[in-house]
Amino acid sequence: MIKIGIIGVGTVGQSVANILEQNSDIIEARAGKKIIVKHGVVHNLSKKRDVNISLSDNPNDILDDPEIDIVLELMGGVEKPYEIVKKALSNGKSVVTANKALLAYHRYELQELAGDIPFMYEASTAGGIPIIGALRNGLSANHIESIMGIMNGTCNYMLTKMINEGALYDDILLESQELGYAEADPTFDVGGFDAAHKLLILSSIAYGIDAKPEDILIEGIQNITDTDVKFAKEFGYEIKLLGIAKKIGDGVELRVHSTLIPQESMIAKVDGVMNAITVVGDRVGETMYYGPGAGGDATASAVISDIIDIARGNQGPMLGYKKSLESGLKLLNKDEITSKYYIRLEVDDESGVLASISSLLGEFNISIESMLQKPSSNENKANVLFTTHTCKEKDIQNAINDLAKLNGVDENIAMIRIEK
Ligand code: HSE
């Protein structure tokens, strides 16, 4: 028999306890052992929880209990869970976590500390989709060329409703909080940080990259306007918040941002709280993983898969490398990222403005792929829209700075990166 202690019995913790009880037949058949929850720890004991387990508010009731084999860390946050997980590992207990923020900051220290003690985190990335298992096991024969996908259910839910139904940003954010998709602090979702945490975890398994959120390009969905949604649709694009990792020579680009992708691409068709990630391996080619990226039962399904794996005796280095690569891949500087870009400027509708825009772009070696003018809601102004050929992030940022200072150009310039 395996005994579990759950630290953090919120939406996911309650689902874990209930699924372990209600699906105990299949879980025991698959694990080869009975798995029971011995105890749960919560911050606020007076809040009603829908579980049949004993509860207290002291993590040491689990950490110091010699009968407990596996600690589930489902609290959220970074430093407090870090201390708790360190203590669990020091006491020789296996750990399962869904906490992407913890791993985004401390995965390498925790791997070191865990050594051969099982430490698993399938639920940390893309909720119910077994993407960690796919990268650690299923694709382990491959050099990974790229990982790209929708890694935040809240943003995808919001963008879908905004684009398809014209829903208002604040209303739809509130709705995703009520549905239990959003982080405790939803700026983690809409600001792109939650997706970045997940991308960092995946890039450690794929590339052995030890980077922190502040080392990579992170932008959210807050700047997406109705005007750009309208033009995106008109030009055959969807807007998605994507996490992107690409191997380029000896370097790896890591970035999270709103992205225009062609409506006919598979990721463009992924709506609502669903996540989808494509991984390209040098031998397997392109593979794609799709499923619910948030929600209690979906995330609990991934947590329990880790528990079953531990019960079966599966282990291995947490991030999947038995020995480090001699020539590790380097994280590329944000400025070195290359992309195609969509730019929208509101300009005075008079002669000479277009000429000054295109001459300025030329100075930064930015080549225009297509350009057109559309009416603005302001009758003396016009929207100038263009897409670029592939160019460097640094050049486009400098060009936008200078465009905003041109006579006749409004300083609020919209920019969205484009992926095929
Ligand atoms: N807030 C996250 C999301 C939950 O919306 O995807 C799952 O990590």
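Rules used throughout
- Residue numbers here run from 1 along each chain, matching the order of that chain's written sequence.
- Reporting of local features is limited, given that this is a predicted model, to residues whose pLDDT is at least 70; pairs of side-chain atoms are given and counted only at 80 or more, and all residues count toward the totals for whole chains, interfaces and linings.
- Note that water and hydrogens are dropped before the side-chain values are worked out from all heavy atoms of the structure.
- When at least one non-hydrogen atom of a residue lies within 4 Å of a molecule or strand, that residue is treated as near it.
- Polar contact is defined as a pair of N or O atoms within 3.5 Å, subject to the rule that within protein one atom must be able to donate a hydrogen and the other to accept it, and that residues adjacent in sequence are counted only when both atoms are side-chain atoms.
- For the area figures, the Shrake-Rupley method with a 1.4 Å probe applies, and any residue is considered shielded solely by the protein chains shown.
- Helix and strand definitions here come from DSSP, where helices need a minimum of 4 consecutive H or I residues and strands a minimum of 2 consecutive E residues; each element is numbered from the N-terminal end.
- In this classification, the charged set is Asp, Glu, Lys and Arg, the nonpolar set is Ala, Val, Leu, Ile, Met, Phe, Trp, Tyr, Cys and Pro, and all remaining amino acids, among them Gly, are polar.
- A fitted line through C-alpha atoms serves as each axis, taken over the contacting stretch for helices, and the angle formed by two N-to-C directions is quoted from 0 to 180°.
- Note on terminology: angles under 35 degrees are roughly parallel, angles over 145 are roughly antiparallel, angles of 65 to 115 are roughly perpendicular, and the others are oblique.
- Should any heavy atoms of two residues lie within 4.5 Å, those residues are considered in contact.
- An automatic or database domain assignment is the source of the domain bounds shown.
- Accessible area is worked out with a 1.4 Å probe on protein chains only. A residue is then buried under 20% of its type maximum, exposed over 50%, and partly exposed in between.

A word on the site of the ligand
Thought 1: Near the ligand the following residues occur: Lys 100, Asn 152, Gly 153, Thr 154, Tyr 181, Ala 182, Glu 183, Asp 189, Asp 194, Lys 198, Gly 293 and Ala 294.
Thought 2: Within the contact set of the ligand, a nitrogen atom lies 2.6 Å away from a side-chain nitrogen or oxygen of Glu 183.
Thought 3: Measuring from an oxygen atom of the ligand, one finds a side-chain N or O atom of Lys 198 at 2.8 Å.
Thought 4: In isolation the ligand has 260 Å² of accessible area, and contact with the protein removes 94% of it.
Thought 5: Sorting the residues of the shell around the ligand by element identifies helix 7 (153-165) and helix 10 (193-207) as the ones contributing at least two each.
Thought 6: The residue inventory of the shell around the ligand, partitioned by class, reads three nonpolar, four polar and five charged.

Some remarks on the packing of helix 1 (residues 11-22) against helix 2 (residues 24-31)
Thought 1: Where helix 1 contacts helix 2, the axes come no closer than 5 Å and their chain directions differ by 80°. It follows that helix 1 is roughly perpendicular to helix 2 by the angle criterion. Contacts between helix 1 and helix 2 involve Ile 19, Leu 20, Glu 21 and Gln 22 on the former and, on the latter, Ser 24, Asp 25 and Ile 27.
Thought 2: Of the residues in the contact of helix 1 with helix 2, the class split is three nonpolar, two polar and two charged.

Quick notes on the packing of helix 2 against helix 12 (residues 296-311)
A pair of packed helices can be characterised by two numbers: the angle between their axes and the separation between those axes.
Thought 1: Two numbers describe how helix 2 lies on helix 12: the axes approach to 9 Å, and their chain directions differ by 40°. It follows from the interaxial angle that helix 2 and helix 12 lie oblique. Mapping the contact onto sequence places Ile 27, Arg 30 and Ala 31 in helix 2 and Ile 304, Ile 308 and Ala 311 in helix 12.
Thought 2: Residue composition of the contact of helix 2 with helix 12, by class: five nonpolar, no polar and one charged.

Describing the domain arrangement of the protein
Thought 1: Taken domain by domain, the protein holds domain 1 (2-131), domain 2 (140-290 + 325-331) and domain 3 (334-418).
Thought 2: If you average the C-alpha positions of domain 1 and of domain 3, the two centres end up 49 Å apart.

Focus: the environment of Ser 46
Thought 1: Residue position: Ser 46 is located in the loop between strand 2 (35-41) and strand 3 (55-56).
Thought 2: Judged by relative accessible area, Ser 46 falls into the exposed class, the value being 68%.
Thought 3: Taking the C-alpha atoms as reference points, Ser 46 and Glu 336, separated by 290 residues in sequence, lie 52 Å from one another.
Thought 4: Within the local environment of Ser 46, its side chain forms a polar contact with the side chain of Asn 44, the two groups lying 2.6 Å apart.

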